[in-house]
Amino acid sequence: MTAETQASDRIWTIPNLLSGLRLLGVPLFLWLALGPEADGAALGVLAFAGISDYLDGKLARVLNQTSRLGVTLDPLADRLYIFATIAALTLRDIVPLWFALALVARDVALLGLVPVLRWLGVGTALPVHYLGKAATFNLLYAFPLLLLSAGDSWLATAARPLGWAFAIWGIALYWWSGLLYAEQARRLAGERARLAAARK
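Throughout what follows, the structure given in this document is the object of discussion.

Moving on to the layout of surface pockets. Space inside the second largest pocket adds up to approximately 700 Å³. As for the second largest pocket, its lining consists of 29 residues, of which Asp53, Asp56, Gly57, Asp74 and Lys133 are closest to the centre. A total of twelve residues in the lining of the second largest pocket trace back to one element, the largest contributor, which is helix H3 (residues 39-62). Of the residues that constitute the lining of the second largest pocket, the class distribution is 14 nonpolar, nine polar and six charged.

If you walk through the whole model with that rule in mind, you get one cavity of 30 Å³ or more. For the largest cavity, the calculated volume is near 30 Å³. The wall of the largest cavity is formed by Leu46, Ala49, Gly50 and Leu140. When residues of the lining of the largest cavity are assigned to their parent elements, the largest contribution, three residues, is made by H3. Its residues placed into classes, the lining of the largest cavity shows three nonpolar, one polar and no charged.

For helix H2 (residues 14-34), which comprises 21 residues, the first-to-last C-alpha distance of 31 Å matches the rise-based estimate of 30 Å (1.5 Å per residue) to within 8%. The axis of H2 is deflected most strongly, by about 30°, at valine 26, and proline proline 27 appears within four residues downstream. Buried within H2 are the following residues: Pro15, Asn16, Leu18, Ser19, Arg22, Leu23, Gly25, Val26, Phe29, Leu32 and Ala33.

Moving on, we come to the pattern of salt bridges. Between side chains of opposite charge, pairing is possible as soon as their charged atoms come close. Under the defined criterion, the tally for this structure stands at 14 salt bridges. Across the salt bridge formed by lysine 133 and aspartate 53, the nearest N and O atoms sit 3.9 Å from each other. Here the residue lysine 133 occupies a position in helix H7 (residues 130-148), and aspartate 53 occupies one in helix H3, the gap between them amounting to 80 residues. The class of lysine 133 is partly exposed, set by a relative accessible area of 33%. Under the relative-accessibility criterion, aspartate 53 is labelled buried at 13%. Here aspartate 74 ties to lysine 133 by a salt bridge, and the two come within 3.4 Å at their closest N and O atoms. Taken together, the residues span a long stretch of sequence, with aspartate 74 in helix H4 (residues 68-91) and lysine 133 in helix H7 at a distance of 59 residues. Overall, aspartate 74 belongs to the buried group, its relative accessible area being 15%. Members of the salt-bridge network, linked through shared partners, are Arg22, Asp53, Asp56, Asp74, Asp78 and Lys133.

Definitions and cut-offs
Residues numbered from 1 in each chain as written. Predicted model: local features only at pLDDT ≥ 70, side-chain atom pairs only at ≥ 80, totals over all residues. Heavy atoms only, no water. 1 Å grid on protein atoms, 1.4 Å probe; cavity = no way out; pocket = protein on both sides within 12 Å on 5 of 7 lines; lining within 4 Å. Points joined across faces, edges and corners; volume = space filled by probe spheres on them. Helix = DSSP H or I, 4+ residues; strand = E, 2+ residues; numbered from the N terminus. Nonpolar A, V, L, I, M, F, W, Y, C, P; charged D, E, K, R; others polar. Expected span 1.5 Å × (residues − 1). Bend = angle between axes of the 7 residues up to and from the residue. Buried < 20%, exposed > 50% of the residue type's maximum accessible area, 1.4 Å probe, protein only. Salt bridge = Lys/Arg side-chain N within 4 Å of Asp/Glu carboxyl O.

The structure is reproduced here in structure tokens:
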């Protein structure tokens, strides 16, 4: 077993610790945003999520601590923050229902690829595409700004157009990356079918 393989099986790493802390922040954010509506503290949790999302990937590369667990935890934490924030913003009428449905529908559509990916032998997910990361980046910027836009203060007024700019770009890139994942799966399936036909 090579050092690289051993590293990929590690659990106790700094990036994994950051991802774990980010996951623990999801229920905390929901409680802060929907319970006492402590928007300042909720924004702090979202800020930590965004910073730790950047840091865990950076540290994994710099410290050579990339792991299979980390590859699973990172996108899982991103998805949970996206769903949790959509739920909170929608329930508080900060964003319309169509916004929530547009984001959730993309992930529901991609769930249909899971059986195909298993059949192809590539697990349950394709490698993260840069457009997917760009979409997540835009959404993780949009959500704090949209939360900040709740109210009538000058800060809320200033945050609103910025939040929606990031949100619209985020939705567009989110769907674009989803279409690219579907195309990747289609090409892999075609390649597998060609190889199977060549063996006959």
